[in-house]
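# Secondary and tertiary structure notes
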Amino acid sequence: MPKSEPRLMPTGTCWCGCGTEVGLGSFFSQGHDKIAEAALLAARYDNSVARLIAHHGFGPENGVREAAVEKGYWEACPEASCNYLGAPASIRVHRKKMQH
Ligand SMILES: [Zn+2]
Ligand SMILES: [Zn+2]
């Protein structure tokens, strides 16, 4: 299991802040997680993913992709000559596409 942040509990109201009631066990109304993500990027990072990356200490010299692997959510492509990193489902699609 990946190391995780302090546990969050859904409250029954959408966490994007729209006020919609959601089912027990969900943080967001359908699709509102993406809205919240975009709003955070606008509100705190000038709509710039580069700013978001830099804010967390990542960049060209300190790859955020490697951090995702360390955390346990992403994996490296097992092909020796390949530097592709991604979620397990992405790795499967990638390997099929690259035929390795
Ligand atoms: Zn919402
Ligand atoms: Zn690969």
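Here's a quick rundown of the structure. (Residues numbered from 1 in each chain as written. Chains lettered and ligands numbered in written order. Predicted model: local features only at pLDDT ≥ 70, side-chain atom pairs only at ≥ 80, totals over all residues. Heavy atoms only, no water.)

## Quick word on the coordination of the zinc ion (ligand 1)
At this site the zinc ion (ligand 1) is bound by C14 (SG), C16 (SG), C18 (SG) and H32 (ND1), with donor distances of 2.0 to 2.3 Å. Considering all four donor atoms around the zinc ion (ligand 1), angles at the metal cover 102 to 115° and the coordination shape is tetrahedral. Going along the chain, you hit the donors of the zinc ion (ligand 1) in the pattern C-x1-C-x1-C-x13-H. Placement of C18 in the segment before α1 (32–45) and of H32 in helix α1 is noted, with a sequence separation of 14 residues between them. (Donors = N, O, S within 2.8 Å, 3.2 Å for Na, K, Ca; no water. Tetrahedral: all angles 85-135°; square planar, octahedral: opposite > 155°, others 65-115°. Helix = DSSP H or I, 4+ residues; strand = E, 2+ residues; numbered from the N terminus.)

## What about the coordination of the zinc ion (ligand 2)?
Surrounding the zinc ion (ligand 2) are the protein donor atoms C77 (SG), C82 (SG), H94 (NE2) and H100 (NE2), at 2.1 to 2.3 Å. Given four donor atoms and angles of 100 to 124° at the metal, the environment of the zinc ion (ligand 2) is assigned as tetrahedral. Each donor residue of the zinc ion (ligand 2) lies on the same chain, and together they follow the pattern C-x4-C-x11-H-x5-H. Under the relative-accessibility criterion, H94 is labelled buried at 9%. (Buried < 20%, exposed > 50% of the residue type's maximum accessible area, 1.4 Å probe, protein only.)

## Digging into unusual backbone geometry
Non-glycine residue D46 carries a positive phi angle of around 50°. Mapped onto the fold, D46 is located in the loop between α1 and α2 (49–55). Here N47, not a glycine, exhibits a phi torsion of approximately 60°, which is positive. Tracing the backbone through its elements, the reader meets N47 in the loop between α1 and α2.

## Remarks on the pattern of salt bridges
Opposite charge on two side chains permits them to pair, given that their charged atoms come into close proximity. In the structure shown here, the tally under the stated rule is two salt bridges. Of the charged contacts in the structure, one is a salt bridge between E37 and K34, with a shortest N-O distance of 3.5 Å. In this pair, E37 and K34 are both assigned in helix α1, three residues apart and thus about one turn of the helix distant. Put simply, D46 and R51 hold a salt bridge, and the shortest N to O gap is 3.1 Å. Taking the relative accessible area as the measure of exposure, D46 reaches 57% and is therefore exposed. (Salt bridge = Lys/Arg side-chain N within 4 Å of Asp/Glu carboxyl O.)

Keep in mind that these numbers describe shape and distance, not what the molecule does.
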